[in-house]
Amino acid sequence: MPTTRPDRSIRTPTAATTTAPRPALDAALLAVAVAGVSLSAPLAAATAAPALAVAFWRNAMAVGALTPLALWRHRGELRGMGRRAVALSAASGALLAVHFGAWLPSLHMTSVASSTALVTTTPIWTALLLRLRGHRPPPMATLGTVLAFLGVVILTGVDLSASPQALAGDALALVGGVAAAGYVLLGAEVRRVASTTAYTYVCYSTTSVFLLLTCLVAGARLHGYSGDTWLRLVLLMVTAQLLGHTLINRVVKGLGPTVTSTAILLEAPGAALIAAVWLGQQPPVAAYPALAVIVGGLALVVLSDRTSGSRTEPRASRSA
């Protein structure tokens, strides 16, 4: 038996931390989470503030909201996080800053439907990164990747016919999707030894710092907004950041990454529907079959995990 002192940040399941599965409750919470993230793109597009400032305040406000919980219930865990876990959490936060810094500006350059569809290609990039690490995806995942890329080609062709600016917005949304893939993979690694709250607190704090520096360099205005703009920023933080991401991190333990990730794919059509009703954004007719192809390909990539019986993303050690 080893005699080294155990890492207090690693928790093993006990009677106190393990609860019976509640699939009905988890499904209801997942529905709320999907609705929350679906509001992200329309709310950000409708907020009268620079896109980089919206990205900063969304994360900074979330850090402020999490601080009491993190310092009260998870202070000991935060102190006991190893250097590797902290470093990976910070790296994940940097990638999340790239994700928001690229994606949110794209919402003002292309349609909400196109931007959201392209940024949700994250499972594709995740599969490609895993392949570079030696993971061989099953045939269904390969088929889904090809299908989703076909949808991307169709969609970018539609936006190119609309304007070069829309195509540039598509490119930024794709960059956001790639960055999110790295964020997901690093987060999955950290959640092996840390709770969701501890991980997200370090991650969001790092994201806020990087976005603040970016705003200062770019000259993005961080204050002087109207009351309506501040209200929308708070609503964005509550719905998309806290309710959306926090509930997703909570239910993934019970429902598993396959079901959870598949449900999150509904963000693309959900955001498109909200943007059409609320903002009056009607994408070109040809964009709808492209969106359907992308979502179909993403679904195949995620569902291939269930068919092959493998898991590319470990479950969190415990929920927030």
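Residues numbered from 1 in each chain as written. Predicted model: local features only at pLDDT ≥ 70, side-chain atom pairs only at ≥ 80, totals over all residues. Heavy atoms only, no water.

Details of the confidence of the model for the chain
Note that predicted coordinates carrying low pLDDT should not be read in detail. Averaged over every residue, the pLDDT of the chain is 80; the share at 70 or more is 81%. Averaged over each element, pLDDT in the chain is lowest for helix α8 (residues 139-162) (73) and highest for helix α10 (residues 196-218) (95). The low-confidence segment residues 1-19, where pLDDT is below 50, has 11 contacts with residues more than four positions distant or belonging to other chains. A low-confidence stretch, residues 310-320 stays under pLDDT 50, and its non-local contacts, those more than four residues away or across chains, total 40 contacts. (pLDDT = per-residue confidence, 0-100. Helix = DSSP H or I, 4+ residues; strand = E, 2+ residues; numbered from the N terminus. Contact = heavy atoms within 4.5 Å.)

Some points on a nonpolar patch on the surface
A cluster of nonpolar residues, Val 32, Val 234, Val 238 and Leu 243, forms a patch on the protein surface that exposes about 260 Å² of accessible area. No other element matches helix α11 (residues 227-264), which puts three residues into the nonpolar patch. By the secondary structure assignment, Val 234 is in helix α11. (Patch = residues over 30% accessible without salt bridge, like charges linked within 9 Å, V, L, I, M, F, W, Y side chains within 5 Å. Areas by Shrake-Rupley, 256 points an atom, 1.4 Å probe, with all protein chains shown as cover. Salt bridge = Lys/Arg side-chain N within 4 Å of Asp/Glu carboxyl O.)

As for helix α7 (residues 122-132)
Of all the residues in α7, the buried ones are Thr 122, Pro 123, Ile 124, Trp 125, Thr 126, Ala 127 and Leu 130. A positive backbone phi angle near 100 degrees is found at Gly 134, which sits one or two residues after α7. (Buried < 20%, exposed > 50% of the residue type's maximum accessible area, 1.4 Å probe, protein only.)

Some details on the environment of Val 54
Mapped onto the elements, Val 54 comes out in helix α3 (residues 51-73). A sequence separation of 166 residues divides Val 54 from Ala 220, and the C-alpha atoms of the two residues are 9.8 Å apart. Beyond its immediate chain neighbours, meaning those up to four positions away, Val 54 contacts Ala 44, Thr 47, Ala 49, Leu 104, Leu 233 and Leu 236.

Focus on the pattern of salt bridges
In total, this model carries two salt bridges according to the counting rule given. For Arg 84, the salt bridge identified is with Glu 189, shortest N-O distance 3.4 Å. With Arg 84 in helix α5 (residues 83-106) and Glu 189 in helix α9 (residues 164-190), the pair connects residues that are 105 residues apart, well separated along the chain. Residue classification places Glu 189 among the partly exposed positions, given a relative accessible area of 25%. Across the pair Asp 228 and Arg 232 runs a salt bridge whose closest N-O atoms are separated by 3.3 Å.

Overview of the nonpolar core
Within the largest apolar cluster, 58 residues are counted, with the highest numbers of intra-cluster contacts made by Val 54, Phe 100, Trp 103, Leu 104, Leu 107, Val 112 and Tyr 204. Excluding anything up to four places from it in sequence, Trp 103 contacts Ser 40, Ala 41, Arg 58, Ser 115, Thr 116, Val 119, Leu 172, Ala 173 and Glu 267. If you look at the next biggest cluster of nonpolar residues, it comprises eight residues, including Leu 29, Ala 33, Val 37 and Val 251. (Core = buried A, V, L, I, M, F, W, Y, C linked by side-chain atoms within 4.5 Å.)

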